[in-house]
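Results of the structural survey
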Amino acid sequence: MILWLLLLGGLGIFTYIIVQRSVAHVTRTPVWLLWLVMMLPALIWTFWLLANGEDAQIPVLLLLGPFLGCPVLYWLLIQWGRPTPPLPAESHASSSPEGVAIASAESKPTIKPINRQEEETLHHCFPWTVFYLQSVEYLPQALICRGQLRSSAEVAYQTVRENIETQFGDRFMVVFQEGLNGKPFFALVANPQAQATAKTERRSLNRPGLALGLLLATLFTTTLAGVVLSGLDPNEFASRTLVTMGLPYALSLMSILGVHEFAHYWMAKRYQIRTTYPYFIPIPPTAFFPFGTFGAFIQMRSPVPHRKALFDIGIAGPLAGFLVTIPVLFWGLGLSQVVDVTPALTEQAGPPGFLNFELFNPTASFFIFLLAKLSLGTQLGAEQALRLHPVAIAGCIGVIVTALNLMPVGQLDGGHIVHAMFGQRTGALIGQVARLLVLALSFVQRELLLWAILLFFIPAVDEPALNDVSELDDRRDLLGLVALAVLVLIILPTPPAIARILF
C-alpha cells in the first residue's frame, strides 16, 4: 500500500503538469478543479482499498463508474470555462472547433490581425488548381482557411506553405489537417520560433554535459540496483560483486533504454526536428523501487512536419529497444532459476505474477512464455515459476517499457503510430477503446490495473503534424500493424491450450 501511495503521489504531480500545459490557456476553469476531476478515479479506488484492504476486489460499478464518468465531466468543465473571444470586423465566422484544437496544440502567442491588403495576398497563396480557398475564419491564435482540395495533400501543403513563406516570411506556421466533417483545411498559427535566434536555440538544446552526467549517475544507480536485485546487501558488497552482479544488469537495462531513446533522437534529427539529447533519470534503489532509474527521455522543440515523420519517430524507439530486449531477455532467462511453486514459497515471496521477479509467472505474457520455452526448454514445467536473474529483470523491464510505449493512446509512441496510420480523430478513438480494453483485461491480469489507471490520465488526442492529411504508404501501414501485434503478444496471457501443448 505504501508503494501504491507513492505512485499515487507521483501520478498526481504528473497529472497536474499535463493539465496545466494542455488546457490551462484555453479555459477559465481552475486548473486545480480539472486536476481533481482527473485524479478522482484513482482517489476513489485508493480510499476504497484503504477501507477494505489491499486484497479486496473493487466492485465493477465503482471501477467503471469513475473511469467513464470523469472524462465526460472533465470535458464539460473545459467547455464551460472556454472564453468567447471578440472577433475583428472583417471576420467571416464566429467560432471554429478545428481552430480551437489548433490553438490548444500550439504555444500561447496570438497572431496579429491581417488587413484587407494582406487578406488579398493570402488568397493568392492558394492556387485554385491546388486548394480552392472559399473562406477565412479569424481566431485569436489562428487563421482558419477552408476550401476544396484539388490536388494531392502533399502537393497542396508544399505549394501553400512555400507561397505563404514567400509572402509573409516566418510570421505564420502552416498547419494542414482534417476537420470534423472530414474535409481538410489550413490553419495559420503564430510561429513560436520566429523570434528565436540560432544562438538561443543552440544554448537551450545542446547540453552534452548534463546528458553525460545523468548517464554516469544512472550507470552507478543501476549497478547498485543490480546488486540489490541479486539479493545482496549493497552496504556489504565487494568491488568484484559490483562488477559481476551489478554491472550486467546496469548495462543490459541502459542498453535497452538508451537504444530506444537514441532511435527517437536519430529519427527526429533525420527530419530536421529540433530535439534534445537523451536524458537518463537516475534514482537510488530502494525496497519499494529497486530498479535504479525512472527511464530516459528526449524533448522535441519543433513540430513534426508530416504523418510519415510522426510514424517513423514514434515506431523507431519501441522497435529498436525491442530488438535489443529480445537477446537480453533470452540470455537472462537462461541464467534464471526454475523453482517449484509451493505454499511455503508463495507465502514468503507472494503469488506468482508478471511483476513478481522472485516468483515470476512466465505464462502471464505470451511473448515471454515463448521466449522462456526457447531458452529453458524442458527445464520449465507447468507448475513451476522463475526466480529471475538481474539480466532477466532488465529484459522484463524492457518488455514492459516496450508494451507501455506501444499503447495506442495520446502522445505515447503507440498513439503516434495509430495517429499517423488512421488520422488524428480515428487515432483518438482507438486510444479510448484501448483504455477500456486494458481495463477489462486487468480483471484477468491484476498487474494491468495500474497500467489502465496510467492510460486514463494520458490525454487521448495526439498533437497534429504540420501536414496531418497526407497518408502513409503500405510499407509503413504494415509495420504499424506488426508493432500493434507485438503489443498484443506482450500483454495477453498465454492461452491455456497452447501452454498445455508446449509444457
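Shown above is the structure to which this text applies.
This structure is a prediction, so every number in the text was calculated from the model and none was measured.

1. Quick notes on the overall build of the protein chain
- Counting its secondary structure elements, the protein chain contains 18 helices and eight strands.
- Sorting the 503 residues of the protein chain into buried and exposed places 48% on the buried side.
- Contacts spanning at least 24 positions in sequence make up 73% of the contacts within the protein chain whose residues lie at least 6 apart.

2. Structural notes on the side chain of asparagine 356
- One can find asparagine 356 in the loop between helix H11 (343–349) and helix H12 (366–376).
- Side-chain polar atoms of asparagine 356 contact the backbone nitrogen of glutamate 358, separated by 3.2 Å.
- In contact with asparagine 356, other than residues within four places in its own chain, are Ala349, Gly350 and Pro351.

3. Quick look at the state of the cysteines
- In this structure the tally under the stated criterion is zero disulfides.
- Left without a disulfide partner, cysteine 145 is nearest to the cysteine sulfur of cysteine 125, which lies 9.2 Å away.

4. Structural notes on helix H16 (residues 448–456)
- A large share of H16 lies buried, amounting to seven of its nine residues.
- Among the residues of H16, Leu448, Leu449, Trp451, Ala452, Ile453, Leu455 and Phe456 are the ones counted as buried.

5. Section: the pattern of salt bridges
- If you walk through the whole model with that rule in mind, you get seven salt bridges.
- As a salt-bridge pair, arginine 387 and glutamate 358 come within 3.4 Å of each other at their nearest N and O atoms. With arginine 387 in strand E8 (residues 384–387) and glutamate 358 in the loop between H11 and H12, this pair connects stretches of sequence that are 29 residues apart.
- Using a relative accessible area of 27% as the deciding quantity, one classes arginine 387 as partly exposed.
- Judged by its relative accessible area of 42%, glutamate 358 is partly exposed.
- Salt bridges linked by common partners bring Asp312, Asp473 and Arg476 together as one network.

6. Points about the sheet that holds strand E4 (residues 184–190)
- Spatial strand order, E1-E2-E4-E3: four strands in an open sheet with antiparallel pairing. The two strands at the open ends of the sheet, each matched to only one other strand, are strand E1 (131–139) and strand E3 (172–178). On average, adjacent strands in this sheet sit at an angle of 25° to one another, irrespective of strand direction.
- When strand E2 (residues 142–149) meets E4, the two strands line up antiparallel, connected through five bridges. Paired with leucine 143 across the strands is leucine 188, a residue of E4.
- Against the sheet, helix H5 (residues 116–124) contacts E1, E2 and E4, and its axis sits at roughly 145° relative to E1.

7. Section: the packing of helix H13 (residues 390–406) against helix H17 (residues 474–491)
- Axis separation between H13 and H17 bottoms out at 9 Å; the angle between their running directions is 125°. When the axis of H13 is compared with that of H17, the two are oblique. Relative to H17, the crossing made by H13 is left-handed. Between H13, through Val399, Thr402, Ala403 and Leu406, and H17, the contact on the second element is made entirely by Ala483, Leu484, Val486, Leu487, Ile490 and Ile491.
- Taken together, the residues of the contact of H13 with H17 break down into nine nonpolar, one polar and no charged.

8. A few points about unusual backbone geometry
- Positive phi, normally seen in glycine, also occurs at glutamine 272, with a value near 60°.
- Structurally, glutamine 272 can be placed in the loop between helix H9 (239–270) and strand E5 (279–282).
- The class for glutamine 272 is exposed, based on a relative accessible area of 74%.

9. Points about the packing of aromatic side chains
- Scanning the model with the defined rule gives 12 aromatic pairs in all.
- Judged by centre distance (4.1 Å) and plane angle (10°), the rings of phenylalanine 176 and phenylalanine 186 are stacked. Here phenylalanine 176, found in strand E3, pairs with phenylalanine 186, found in strand E4; they are 10 residues apart in sequence, far enough to count as distant.
- Owing to a relative accessible area of 0%, phenylalanine 176 belongs among the buried residues under this scheme.
- Between tyrosine 265 and tyrosine 277, the ring centres sit 5.8 Å apart and the planes meet at 35°, which makes this aromatic pair tilted. You can see tyrosine 265 sitting in helix H9 and its partner tyrosine 277 sitting in the loop between H9 and E5, a full 12 residues away along the chain.
- For tyrosine 265, a relative accessible area of 17% puts it in the buried group.
- The exposure class of tyrosine 277 is partly exposed, given its relative accessible area of 26%.

10. Comments concerning the environment of asparagine 405
- Along the chain, asparagine 405 falls in helix H13.
- Between the C-alpha atoms of asparagine 405 and glycine 314, which are 91 residues apart in sequence, the distance is 9.1 Å.
- Setting aside residues up to four positions removed in sequence, asparagine 405 forms contacts with His260, Pro318, Leu412, Asp413 and Gly414.
- Side-chain polar atoms of asparagine 405 contact the backbone oxygen of valine 401, separated by 2.8 Å.

11. Re the environment of glutamate 463
- Mapping glutamate 463 onto the fold places it in the loop between H16 and H17.
- Taking the C-alpha atoms as reference, glutamate 463 lies 7.6 Å from glutamine 411; in sequence the two are 52 residues apart.

12. Brief notes about helix H2 (residues 31–52)
- Counted at 1.5 Å a residue, the expected span for H2 with its 22 residues is 32 Å, and the 31 Å between its end C-alpha atoms agrees.
- Of the positions making up H2, those classed as buried are Val31, Leu34, Val37, Met38, Met39, Pro41, Ala42, Trp45, Thr46 and Leu49.
- Following H2 by one or two positions, glycine 53 adopts a phi angle in the positive range, close to 100°.

13. A short note on a nonpolar patch on the surface
- A cluster of nonpolar side chains, namely Leu370, Ile498, Ile501 and Leu502, defines an oily patch on the protein surface of about 330 Å² accessible area.
- The dominant element in the nonpolar patch, judged by the number of residues it contributes, is helix H18 (residues 496–502), at three residues.
- Residue classification places leucine 502 among the partly exposed positions, given a relative accessible area of 36%.

Reading the values: rules and limits
Residues numbered from 1 in each chain as written. Predicted model: local features only at pLDDT ≥ 70, side-chain atom pairs only at ≥ 80, totals over all residues. Heavy atoms only, no water. Helix = DSSP H or I, 4+ residues; strand = E, 2+ residues; numbered from the N terminus. Buried < 20%, exposed > 50% of the residue type's maximum accessible area, 1.4 Å probe, protein only. Contact = heavy atoms within 4.5 Å. Polar contact = N/O pair within 3.5 Å; in protein donor to acceptor, adjacent residues only side chain to side chain. Disulfide = S-S within 2.5 Å. Salt bridge = Lys/Arg side-chain N within 4 Å of Asp/Glu carboxyl O. Pairing = 2+ DSSP bridges. Axes fitted to C-alpha atoms, helices over the stretch in contact; angles between N-to-C directions. Parallel < 35°, antiparallel > 145°, perpendicular 65-115°, else oblique. Left-handed = near helix turned anticlockwise from the far one by under 90°. Nonpolar A, V, L, I, M, F, W, Y, C, P; charged D, E, K, R; others polar. Phe/Tyr/Trp six-rings, centres within 6.5 Å; stacked < 30°, edge-to-face > 60°. Expected span 1.5 Å × (residues − 1). Patch = residues over 30% accessible without salt bridge, like charges linked within 9 Å, V, L, I, M, F, W, Y side chains within 5 Å. Areas by Shrake-Rupley, 256 points an atom, 1.4 Å probe, with all protein chains shown as cover.

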